[in-house]
There are 2 protein chains.
Amino acid sequence: MTDQCCAPIARQPLSEGEAAELAVLLKAVADPVRLRLLSMIGSHPGGEACVCDLTDAFDLTAPTISHHLKVLRTAGLIGSQRRGTWVYYWIIPEVVNRLGDLFTPHQQSPTPTSAAKLVTA
Amino acid sequence: MTDQCCAPIARQPLSEGEAAELAVLLKAVADPVRLRLLSMIGSHPGGEACVCDLTDAFDLTAPTISHHLKVLRTAGLIGSQRRGTWVYYWIIPEVVNRLGDLFTPHQQSPTPTSAAKLVTA
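As the structure is a computational prediction, the values presented were derived from the model and not from experiment.

1. A few points about the packing of helix 2 (residues 32-42) of chain B against helix 4 (residues 62-74) of chain B
Residues and elements named next belong to chain B.
And then number 1: Packing of helix 2 against helix 4 leaves a shortest axis separation of 10 Å and a crossing angle of 75 degrees. For the element pair helix 2 / helix 4, the angle class is roughly perpendicular. On helix 4, the residues that touch Val33, Arg34, Leu37, Leu38 and Ile41 of helix 2 are Ile65, His68, Leu69, Val71 and Leu72.
And then number 2: The residue inventory of the contact of helix 2 with helix 4, partitioned by class, reads eight nonpolar, one polar and one charged.

Here's what the structure looks like:
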């Protein structure tokens, strides 16, 4: 950790507006089914998945899966398009990256004011 | 994105166990007050904050702030210690980093099976 600044979440207080916006994104992913759906969509060959590829992995009804996909889409984490019978989904990397950026320490020289160390005494 | 592999969330499907564990962490941070508390604790000079440093920024009662701090502590995102009158809090970087790792693209050569591209056609 010595050559890494802390993650943005630990670098400066978030404003109310930033926190509200990020909480919406985090609520969308703070669910085991939606996390699995997101990972299945993102890792699917070709970078997109048909809803028909997603339902078999879950012991859930199609409307329940659709609800979870809608939450992810409404939050902006995935895009979707109907083609013929099926709807196809893909990840929006820019939005996923916002969450990564929030919690990831950045490789840089800490400034004097951000060089706070964890005090465990 | 060309020299970056996708984020782990988009690299391979999460198992049920992994998704359940990560959802607990994400639920803990998926709240605007808790996000702000986490950022205030992490960015506080010395890397830790007294509960007395945290309450003034919010239009909330002390018990409500305490409840939110307890959620963060129970999830393992912050540690705490009572010293005299006050309880002090600090971030547990290893746990915060788990969230960063999940959503951050890693700089590496993509393997043939993970080289899926975003299809927007």
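Still more ground to cover, so stick around.
2. Considering the pairing of strand 2 (residues 78-83) of chain B
It is a general feature of regular strands that their side chains alternate between the two faces of the sheet.
And then number 1: Alignment of strand 2 of chain B against strand 3 (residues 86-91) of chain B, held across six bridges, turns out to be antiparallel. Residue pairing across strands places Gln81 of chain B opposite Tyr88 of chain B, the latter belonging to strand 3 of chain B.

3. Details of the pattern of salt bridges
All names here are of chain A.
And then number 1: Enumeration according to the criterion identifies four salt bridges over all chains in this entry.
And then number 2: One salt bridge in this structure joins Glu21 and Arg98, with 3.0 Å as the shortest N-O distance. Taken together, the residues Glu21 in helix 1 (residues 16-29) and Arg98 in helix 5 (residues 93-103) connect sequence positions 77 residues apart.
And then number 3: For Arg98, a relative accessible area of 36% puts it in the partly exposed group.

Reading the values: the criteria
- Residues numbered from 1 in each chain as written.
- Chains lettered and ligands numbered in written order.
- Predicted model: local features only at pLDDT ≥ 70, side-chain atom pairs only at ≥ 80, totals over all residues.
- Heavy atoms only, no water.
- Axes fitted to C-alpha atoms, helices over the stretch in contact; angles between N-to-C directions.
- Helix = DSSP H or I, 4+ residues; strand = E, 2+ residues; numbered from the N terminus.
- Parallel < 35°, antiparallel > 145°, perpendicular 65-115°, else oblique.
- Contact = heavy atoms within 4.5 Å.
- Nonpolar A, V, L, I, M, F, W, Y, C, P; charged D, E, K, R; others polar.
- Pairing = 2+ DSSP bridges.
- Salt bridge = Lys/Arg side-chain N within 4 Å of Asp/Glu carboxyl O.
- Buried < 20%, exposed > 50% of the residue type's maximum accessible area, 1.4 Å probe, protein only.

The values reported here are purely geometric and, on their own, carry no functional implication.
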